[in-house]
Amino acid sequence: MHVLMIFAHPRADSFSAALRDTTRAALEAAGHSVELRDLYAEGFIAVLTAEERARYHTEGENEAGIEDHVAALRRAEALVMVYPTWWYGMPAMLKGWFDRVWSPGVAFRLGSGAIEPLLTNIRRIGVVTTYGSPSWLLWYIGWPDRKLIGRGIRRLCAKGCRLDWVCLNAMDQRKPAELTAFVEKVRLHFSRW
């Protein structure tokens, strides 16, 4: 399977970077090809400009400047995102990637009352993330990032698209052995894809 991996963390020495590397290695060891897009490292511009918004609904024209990201989405059979959760959501860099790249004619088409999904080539989505919050607080506030991806983003992919959510709660209070155990959990999970 061809996996598009989107990584969103500004630091190359972060725990998220270790999770990215572990996820990628596990997927490749399982026989998958992985196309990594490191949004911060490549200097992805997350801001949707006024000019881009003006052509947002004009299919084809709305791909100007992001053609390589659109092509990567269209090649993908699976999407894996590795990011830290900040303020109960994905980093602004990753949200901006969705704002700019998942546009009409790319991810969906607006019909007469219904949204037609266009990324039906994507049959599986994986998320690897960390939270500073304990799990009870995430449940209390409604787990916003999981809802966005599980109910919104996944709807634009193949019918029956599977969602794998691998997360570590209360990250900031974890001992080194617990962090190591989570890395191993990630490795095992993606080695079984």
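Position labels on residues start from 1 in each chain and follow its written sequence. In view of the model being predicted, local features appear only for residues whose pLDDT reaches at least 70, and side-chain atom pairs are presented and counted only at 80 or more, with totals across whole chains, interfaces and linings using the full set of residues. With hydrogens and water stripped out, all remaining heavy atoms of the structure feed into the side-chain values.

Considerations on the nonpolar core
1) Next: To form a nonpolar core, buried Ala, Val, Leu, Ile, Met, Phe, Trp, Tyr and Cys residues must be joined to one another through side-chain atoms within 4.5 Å. Residue burial is assigned from relative accessible area. The probe radius is 1.4 Å, only protein chains are included, and a residue is buried under 20% of its type maximum, exposed over 50%, and partly exposed in between. Within the largest apolar cluster, 38 residues are counted, with the highest numbers of intra-cluster contacts made by Met 81, Leu 94, Trp 97, Trp 102 and Ile 125.
2) Next: Under the DSSP-based scheme used, a helix requires at least four consecutive residues in state H or I and a strand at least two consecutive residues in state E, with every element numbered from the N terminus. If you list the elements that add at least two residues to this core, you get strand 1 (2-7), helix 3 (67-75), strand 3 (78-84), helix 4 (92-101), strand 6 (124-130), helix 6 (144-153) and strand 7 (162-168).
3) Next: If you tally residues by element for this core, the top one is helix 4, at five residues.
4) Next: By definition in these notes, contact holds between two residues if any of their heavy atoms fall within 4.5 Å. Other than its neighbours up to four places away in sequence, Ile 125 contacts Leu 79, Met 81, Ile 149, Ile 153, Arg 154, Cys 157, Cys 161, Arg 162, Leu 163, Asp 164 and Trp 193.

With respect to the environment of Ile 6
1) Next: You can see Ile 6 is positioned in strand 1.
2) Next: When near neighbours in sequence (up to four residues on either side) are disregarded, Ile 6 contacts Arg 37, Leu 39, Leu 79, Val 80, Met 81, Val 82, Leu 94 and Trp 97.

So, the pattern of salt bridges
1) Next: The salt bridge criterion pairs a side-chain nitrogen of Lys or Arg with a carboxyl oxygen of Asp or Glu, the two atoms within 4 Å. Following the criterion strictly, the structure yields 18 salt bridges and no others.
2) Next: With a closest N to O distance of 2.6 Å, Asp 13 and Arg 11 form a salt bridge.
3) Next: Taking relative accessible area as the criterion, Asp 13 reaches 55% and is therefore assigned exposed.
4) Next: For Arg 187, the salt bridge is made with Glu 184, and the minimal N-O distance between the two is 2.6 Å. Separated by three residues within a single helix, Arg 187 and Glu 184 lie in helix 7 (residues 176-191), roughly one turn from each other.
5) Next: In this structure, a network of salt bridges that share partners links the residues Arg 20, Asp 21 and Asp 38.

Considering the packing of aromatic side chains
To describe a pair of aromatic rings, one takes the distance between the centres and the angle between the planes.
1) Next: A pair of Phe, Tyr and Trp rings is counted when the ring centres sit within 6.5 Å of each other, with Trp represented by its six-membered ring. The angle between the planes then sorts it: under 30 degrees is stacked, over 60 is edge-to-face, the rest tilted. Counting across every chain of the model gives six aromatic pairs.
2) Next: Ring geometry for Trp 97 against Phe 98: centres 5.1 Å apart, planes inclined by 70°, an arrangement best described as edge-to-face. Across this residue pair, the class does not change: Trp 97 and Phe 98 are buried.
3) Next: Taking the centre distance of 6.1 Å and the plane angle of 65° together, the rings of Trp 97 and Trp 102 count as edge-to-face.

Describing helix 4
1) Next: The element helix 4 is extensively covered by neighbouring structure, given that seven of its ten residues are classed as buried.
2) Next: Listing the buried residues of helix 4 in full gives Met 93, Leu 94, Gly 96, Trp 97, Phe 98, Arg 100 and Val 101.
3) Next: Looking at the buried positions of helix 4, the neighbouring elements they touch are strand 1, helix 2 (50-54), helix 3, strand 3 and helix 6.

Observations regarding the pairing of strand 6
1) Next: Strand 6 sits mainly inside the fold: seven of its seven residues count as buried.
2) Next: Neither face of strand 6 is open: one carries Arg 124, Gly 126, Val 128 and Thr 130, the other Ile 125, Val 127 and Thr 129, and all of them are buried.
3) Next: Two strands qualify as a pair provided that DSSP identifies no fewer than 2 bridges between them. Where strand 3 lies against strand 6, seven bridges are found, and the strand directions are parallel. In the sheet register, Ala 78 faces strand 6, and the bridge partner there is Arg 124.

Some words on unusual backbone geometry
1) Next: The backbone of Trp 87 sits at a positive phi, close to 50°, despite the residue not being glycine.
2) Next: Within the secondary structure, Trp 87 is located in the loop between strand 3 and helix 4.
3) Next: Here the phi dihedral of Tyr 88 falls at roughly 70°; this positive angle occurs in a residue that is not glycine.
4) Next: With respect to the helices and strands, the residue Tyr 88 is situated in the loop between strand 3 and helix 4.
5) Next: Judged by relative accessible area, which is 29%, Tyr 88 ranks as partly exposed.

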